[in-house]
Amino acid sequence: MLRLVVNGQSREVTADPETPLLYVLRNDLGLTGTKFGCGLGQCGACTVLVDGQPVRSCMLPVQAVAGQAVTTIEGLGSPERPHPLQAALIEEQAVQCGYCTPGIVMAAKAILDRTPRPTEAQLKQALNEVLCRCGTHDRVVRAVLRAAATMGGR
Ligand code: FES
Ligand code: FES
């Protein structure tokens, strides 16, 4: 039995400790917002935050995050109360198929937590490793800059 703290809630899971965190989130905890893309740590679709740091959950054994704070897209906002990042992505129409979007949002959250008012160049570099097959990156960058302004650089 492993105890996790996910989106502020204590959760117990019986998965094998070597199971990737992504599978536990999706299959054991029903948090299907986090996506399986490549399963190889290359695309970023599975990005979640662990103690505020972005991690690729497809590559991380669940036992590695026991007792640490895991934040998934479900912990950020809701359709009724979207996080400023989510609202900005909607306003900029920065989503096409949406498969990469949860990972991009979580990666962007980590960037803004670290650098509240990034330059466009900083954002492009930081988001470069979260892949989008639909080619939304220009709109994503605009959306994250908009969110940073909305959040007042906090
Ligand atoms: S699914 Fe984890 S990096 Fe692609
Ligand atoms: S919106 Fe389709 S992969 Fe990014």
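A short note on the domain arrangement of the chain
Domain boundaries assigned for the chain yield domain 1 (2–73) and domain 2 (84–150). Computed from C-alpha atoms alone, the centre-to-centre distance between domain 1 and domain 2 is 21 Å. Contact with domain 1, which involves 17 residues of that partner, is made by 12 residues of domain 2. Counting each side, the surface lost to burial between domain 1 and domain 2 is near 1,200 Å², with a carbon and sulfur contribution of 64%. Sorting the residues of domain 1 by area buried against domain 2 places C43, L49 and I73 first, and these three jointly supply 38% of that buried surface. Where domain 1 touches domain 2, the interface holds 0 salt bridges. Elements that contribute at least two residues to the side of domain 1 that touches domain 2 include exactly β3 (47–50) and β4 (53–56). Counting residues per element, the side of domain 1 that touches domain 2 draws most heavily on β3, which supplies 3 residues. Grouping the constituent residues of the side of domain 1 that touches domain 2 by class yields 7 nonpolar, 8 polar and 2 charged.

What about the environment of T119?
Along the chain, T119 turns up in the loop between α3 (101–114) and α4 (120–127). For T119, a relative accessible area of 41% puts it in the partly exposed group. In this structure the C-alpha to C-alpha distance between T119 and V141, which are 22 residues apart in sequence, comes to 9.8 Å.

About the criteria used
- Residues numbered from 1 in each chain as written.
- Chains lettered and ligands numbered in written order.
- Predicted model: local features only at pLDDT ≥ 70, side-chain atom pairs only at ≥ 80, totals over all residues.
- Heavy atoms only, no water.
- Domains from an automatic or database assignment.
- Contact = heavy atoms within 4.5 Å.
- Buried area = accessible area lost by both parts, 1.4 Å probe.
- Salt bridge = Lys/Arg side-chain N within 4 Å of Asp/Glu carboxyl O.
- Helix = DSSP H or I, 4+ residues; strand = E, 2+ residues; numbered from the N terminus.
- Nonpolar A, V, L, I, M, F, W, Y, C, P; charged D, E, K, R; others polar.
- Buried < 20%, exposed > 50% of the residue type's maximum accessible area, 1.4 Å probe, protein only.

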